[in-house]
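Spelled out from the first residue to the last, the chains are:
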Amino acid sequence: MLSSNKSKILSLALKILIVGFSFYFIYRQIFYKEEIEDIKKGFETLFSERFDYLSLGITLILMLLNWGIEAEKWRMLVTKYEQISFWVAFEAIFTGVTISIFTPNRIGEYAGRIFHLENADLIKASLASVIGSIAQLLATIIFGVIGLLYIYPVYFQTFELITPLRYLILALFIIVILIMAVILFINSYIFSSIFSKFHFLGKLKKYGKIFSYYTKGELGLLLSLSSIRYLIFSVQYFILLRVFDVHLPVFDGMLMVFCVFLVLSIIPTISIAELGIRGSVAIYFFGMLSGNKLGIITASFGLWLINLVLPAIIGSLFVFNLKFYRKNRHYLDE
C-alpha cells in the first residue's frame, strides 16, 4: 500500500493530468478544426448585426437546470448507499463532464461521479449511474423515434417504397416495443431475480441485487426527470438555431431536434469529437427545412460550448475534490 505522502502526490498529479487533458482536448477542438473558421464567421455575423442576450441567458439558465436535474437523478440513485447533498451531487456531475470530455462514449463520467463519494461501494455506485444513463437513453430513444416516425414519411417520401398501411403497422409495432421497454425498465427488479439464478457468478451476484433497491415509483420518477432533461436541451438547441437565423417551424423543428439527438446517441464517439459529427448530422436533418448551413453548424457549436465545454471548465474546479483513496479502500490518497 502506498505511503500517505506518496499517495497524496500521486493523487494530486493524477488530478492535474485530468484537468490538463480536458483543457488540451478542448483547445484542440476549438482551434484545430477546419469548420471552426466557418463557425467564427457565424459568430462574427451575429455579433456585428445583433446579439440576442436574452436567448443566450435563457440557454445558460437551461444548462444549469439541465445538469441540476441530472445531479438530482444521481443523488436519488446513490442515496441507497450513501447520503449526499445536492451540492456534492452537483460537483460530481460537473466533474464527470470534465473527465468525459476526453474519454470514449463519456465513460469518464462514472469515475468523475463515484470518486466524490466517501463510503459507498464504488461498483454499486457505478451501476447506479448506469441505471441513470439507461433512463436518459430510453428517453432519447422514445422522443427520437417519435420524431423519426413523423418526419420519415413526410420528408423521405416513404410511401413510394412502402404502403401507408404497412407503415402504420410498422409504427404501431415500434410503439409497442417502446412501451414494453418502459414497463421493463420500471420493473427492472426482475433482473435481480435473474442474476440470483447464476450461481457461477459467486460474489458478483450481490451486484445484481441493485435492481431491487429501487421501487417502481422511483424508477418512474427517474424516467420522468430524464424526459424533462431531454426536453430542456432540445429547447436549448431550438433556441440557438433561431438565434443563428435557422428559422424552423416549431413542431417540425423540434421533431428534427429529436432525430438529431437519436442519431448522436447511437454513434460511438469521444465527447470532444462530437462537434464535427454533430454538425454533419444536424445539417442532414435541419437541411431539409433550412438552407442556412452556416447557422446550423454554428448553433450546434454553440450548444456544444454551453452544454459540454462550459460545464467541463466548471467541473475542473471540482476535480481536486476527488477522493481516489479512502481508508477502507485501496485507492490513491486524496
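**Thoughts on the overall build of the protein**
Then, number 1: For the protein, the helix and strand inventory stands at 13 helices and zero strands.
Then, number 2: Secondary structure elements of the protein occur, N-terminal to C-terminal, as α-α-α-α-α-α-α-α-α-α-α-α-α.
Then, number 3: Sorting the 334 residues of the protein into buried and exposed places 48% on the buried side.
Then, number 4: Summed over all atoms, the accessible surface of the protein reaches about 16,700 Å², with 70% contributed by carbon and sulfur.

**Focus on the confidence of the model for the protein**
Low-pLDDT stretches of the model should not have their predicted coordinates read in fine detail.
Then, number 1: When pLDDT is averaged along the protein, the result is 81, and 79% of the positions lie at 70 or above.
Then, number 2: No element of the protein has a lower mean pLDDT than helix α2 (residues 35-49), which averages 60, and none a higher one than helix α10 (residues 216-243), which averages 94.

**Considering the nonpolar core**
Then, number 1: Counting residues in each nonpolar core, the largest one holds 79 residues, and the members touching the most others are Y237 and F286.
Then, number 2: Where this core is concerned, the elements lending two or more residues are α1 (4-31), α3 (53-78), α4 (86-100), α6 (122-155), α10, α11 (250-265), α12 (274-286) and α13 (293-316).
Then, number 3: Looking at this core, the element that brings in the most residues is α10, giving 13 residues.
Then, number 4: Here Y237 is in contact with V257, V260, F261, A282, F286, A299, S300 and L303, once residues within four sequence places are set aside.
Then, number 5: Core analysis: the second largest hydrophobic core is formed by five residues, L149, Y167, A171 and L178 among them.

**Concerning the packing of aromatic side chains**
Then, number 1: Taken as a whole and assessed by the stated rule, the structure comprises 16 aromatic pairs.
Then, number 2: Judged by centre distance (5.7 Å) and plane angle (50°), the ring pair of Y237 and F261 falls under tilted. Taken together, the residues Y237 in helix α10 and F261 in helix α11 connect sequence positions 24 residues apart. By the burial criterion, Y237 is buried, and F261 matches it.
Then, number 3: Measuring from ring centre to ring centre gives 5.4 Å for Y237 and F286, while their planes differ by 85°; the resulting arrangement is edge-to-face. On the criterion of sequence distance, the pair formed by Y237 in helix α10 and F286 in helix α12 is long-range, its members being 49 residues apart.
Then, number 4: You can call Y237 buried: its relative accessible area is 1%.
Then, number 5: Members of the aromatic cluster, connected to one another through ring pairs, are F143, Y230, F233, Y237, F258, F261 and F286.

**Points about the pattern of salt bridges**
Two side chains carrying opposite charge are able to pair once their charged atoms lie near each other.
Then, number 1: One pass over the full model with this rule turns up six salt bridges.
Then, number 2: For E70, the salt bridge is made with R113, and the minimal N-O distance between the two is 2.9 Å. One end of the pair, E70, is in helix α3; the other, R113, is in helix α5 (residues 108-114), and 43 residues separate them in sequence. When sorted by exposure, E70 lands in the same class as R113, which is buried.
Then, number 3: The salt bridge involving R229 is made with E70; its shortest N-O contact spans 3.2 Å. Of the two residues, R229 is situated in helix α10 and E70 in helix α3; the sequence distance between them amounts to 159 residues.
Then, number 4: The exposure class of R229 is buried, given its relative accessible area of 8%.
Then, number 5: According to the relative accessible area criterion, E70 is buried, its value standing at 6%.
Then, number 6: One network of salt bridges, with partners in common, ties together E70, K73, E109, R113 and R229.

**Here's the deal with the packing of α10 against α11**
Then, number 1: With their axes 10 Å apart at the nearest point, α10 and α11 run at an angle of 115° to one another. As α10 runs across α11, the sense of the crossing is right-handed. Between α10 and α11, the contacting residues are Y230, L231, F233, S234, V235, Y237, F238, L241 and R242 on the first element and V250, G253, M254, V257, F258, V260 and F261 on the second.

Cut-offs used in this document
- Residues numbered from 1 in each chain as written.
- Predicted model: local features only at pLDDT ≥ 70, side-chain atom pairs only at ≥ 80, totals over all residues.
- Heavy atoms only, no water.
- Helix = DSSP H or I, 4+ residues; strand = E, 2+ residues; numbered from the N terminus.
- Buried < 20%, exposed > 50% of the residue type's maximum accessible area, 1.4 Å probe, protein only.
- Areas by Shrake-Rupley, 256 points an atom, 1.4 Å probe, with all protein chains shown as cover.
- pLDDT = per-residue confidence, 0-100.
- Core = buried A, V, L, I, M, F, W, Y, C linked by side-chain atoms within 4.5 Å.
- Contact = heavy atoms within 4.5 Å.
- Phe/Tyr/Trp six-rings, centres within 6.5 Å; stacked < 30°, edge-to-face > 60°.
- Salt bridge = Lys/Arg side-chain N within 4 Å of Asp/Glu carboxyl O.
- Axes fitted to C-alpha atoms, helices over the stretch in contact; angles between N-to-C directions.
- Left-handed = near helix turned anticlockwise from the far one by under 90°.

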